[in-house]
Structures are given as structure tokens and as C-alpha cells.
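Residues per chain are reported as follows:
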Amino acid sequence: MLSKLLVYLELARPKTLLAPLLGGILFSLMAYRVRFTSYPDLSGWLLVVLVGFILACMNYSSNALNQIMDRDIDALQPHKKNRPIHSGRISSQEATGLVVILLLVTLSLGYSVFGFWFGLLLSTIGVFIWLYNTPPFRLRMRLIWCNFSMSVPRGALGIIVAYSAFADPLD
């Protein structure tokens, strides 16, 4: 059981989760201060951290979907041959199930805890994840669209999602 959890953690590529986690925490904290003009109490801090966790889970989904879709390409690259899917420590079907569960739980949390704007913007990030990684669009294989489809959800939208947890994103 522990070894399987470690494989799931490796599938996430943990070092890539730090930026959305910290960005989510910092930008939602900024929105909290705008709305309430004070720092959060304990329950407020839990919500602030939840925003970062949700954004990190969306990035996890993107990383896992990328590895599912690139399993044949990764096989040709020596520095990627030990990734969980290519090495056979987790099947593509199992990773796909994990991605679906992560997206459903993350979106459900987003809509139910933080409301419509947060959920809608988070859903938009999910659409970008799908367009970036999967055929027929596979934007990661198109030069200009690759940059656009990475920078918008991971940069601009991630900031706006985090802000929308506590403040109006249209302000």
C-alpha cells in the first residue's frame, strides 16, 4: 500500500506542485484581506490552504494526463524512462482513473466551498489541461498554442482562481 502511494506521489512530479500551492495560498490570502480587511482566523487559514491544495491537485491532474498521453514518447527519452507509467509501476488505466477522480473531487470542492466564479474558472483550467494534452487538439504540439495553453491556466487563470475564492474576480 505504501509503495503504491509513493508511485502516485511520483506520478504527481511533486516539485511542480509547489508553485500552484504557494501561489494559491498567497493570492487567496490577498483576496481574503481585501474582503475581510484582516488576517484569517484558523478556519479562514484552512480555506486559504485549501485553495492552494486545489490548484496543486489541478496541476497533479495535468502532470498525470501528460504522462499518460506521452507514454510512447517518454519511452524514447532516457531521462524519462523511469516515470511510473512507462516503467510499468502503474498502468495507464489506473492513472486515468486517478486523473478523473482528482478532477471530480477538485471541481466539486471548488464549486461547493468557494462558489460559482471559483468553480467556473477552475473548470476553465481543466479544459486547458485537456486541450493541451489530448488529441485531436494536443496544443502542446503546436508552437504558439503550446505557450498560450501553458501560460494562461498556470499563470493568469491560477491567480484569478485563487483570488476568486474570497473576492470578486471582476474587481
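Here, every reference points to the structure presented above.
Procedures and definitions
- Residues numbered from 1 in each chain as written.
- Predicted model: local features only at pLDDT ≥ 70, side-chain atom pairs only at ≥ 80, totals over all residues.
- Heavy atoms only, no water.
- Helix = DSSP H or I, 4+ residues; strand = E, 2+ residues; numbered from the N terminus.
- Rg over C-alpha atoms; globule rule 2.2 N^0.38 Å.
- Buried < 20%, exposed > 50% of the residue type's maximum accessible area, 1.4 Å probe, protein only.
- Arc of directions from axis to C-beta.
- Core = buried A, V, L, I, M, F, W, Y, C linked by side-chain atoms within 4.5 Å.
- Contact = heavy atoms within 4.5 Å.
- Patch = residues over 30% accessible without salt bridge, like charges linked within 9 Å, V, L, I, M, F, W, Y side chains within 5 Å.
- Areas by Shrake-Rupley, 256 points an atom, 1.4 Å probe, with all protein chains shown as cover.
- Salt bridge = Lys/Arg side-chain N within 4 Å of Asp/Glu carboxyl O.
- Expected span 1.5 Å × (residues − 1).

*Asks:* Is there a simple way to explain the overall build of the protein in this structure?
*Replies:* Within the protein one finds seven helices and zero strands. Element order for the protein, N to C, with α for helix and β for strand: α-α-α-α-α-α-α. Scaling as 2.2 N^0.38, a compact globule of 171 residues should have a C-alpha radius of gyration of about 16 Å, and the protein matches this with 17 Å. In terms of overall dimensions, the protein has a C-alpha envelope of 55 × 40 × 25 Å along the principal axes. Counting over 171 residues, the protein shows a buried share of 44%.

*Asks:* Help me understand helix H1 (residues 2-12), please; the structure alone is not making it clear to me.
*Replies:* An α-helix turns once every 3.6 residues. As a result, residues three or four positions apart point the same way. Among the residues of H1, Val7, Leu11 and Ala12 are the ones counted as buried. Projected down its long axis, H1 carries its buried residues within an arc of 150°, all on one side. For H1, the exposed residues lying more than 90 degrees away from the buried face are Leu2 and Ser3. Arg13 lies just past H1 and shows a positive phi near 55°.

*Asks:* Just to check I follow, could you spell out the nonpolar core for this structure?
*Replies:* Side chains of nonpolar character tend, in soluble globular proteins, to be buried together. Ranked by internal contacts, the top residues of the largest apolar core, which has 26 residues, are Val51, Phe114, Phe118 and Phe166. Listing elements by their share of this core, those giving two or more residues are helix H2 (18-36), helix H3 (42-69), helix H6 (116-133) and helix H7 (143-164). It is H3 that provides the largest number of residues to this core, a total of seven residues. Excluding residues within four positions of it along the chain, Phe114 makes contact with Leu47, Leu50, Val51, Ile54, Leu109, Ser164, Ala165 and Phe166. Grouped together as the second largest cluster of nonpolar side chains are 15 residues, Leu11, Leu17, Cys57 and Val99 included.

*Asks:* Please clarify how a nonpolar patch on the surface should be interpreted in this entry.
*Replies:* The grouping of Met1, Leu2, Leu5, Leu6 and Leu9 at the surface amounts to a nonpolar patch, some 580 Å² of accessible area in total. Looking at the secondary structure, you find Leu2 in helix H1.

*Asks:* What's the story with H6 in this structure? I'm lost.
*Replies:* Across its 18 residues, H6 extends 26 Å between first and last C-alpha, which sits within 8% of the 26 Å expected from 1.5 Å per residue. Regarding H6, the residues found buried are Phe118, Gly119, Leu121, Leu122, Ile125, Gly126, Phe128, Ile129, Leu131, Tyr132 and Asn133. Turning to H6, the residues buried within the fold contact H3, helix H5 (92-114) and H7.

None of the figures reported here should be taken as evidence of function without further support.
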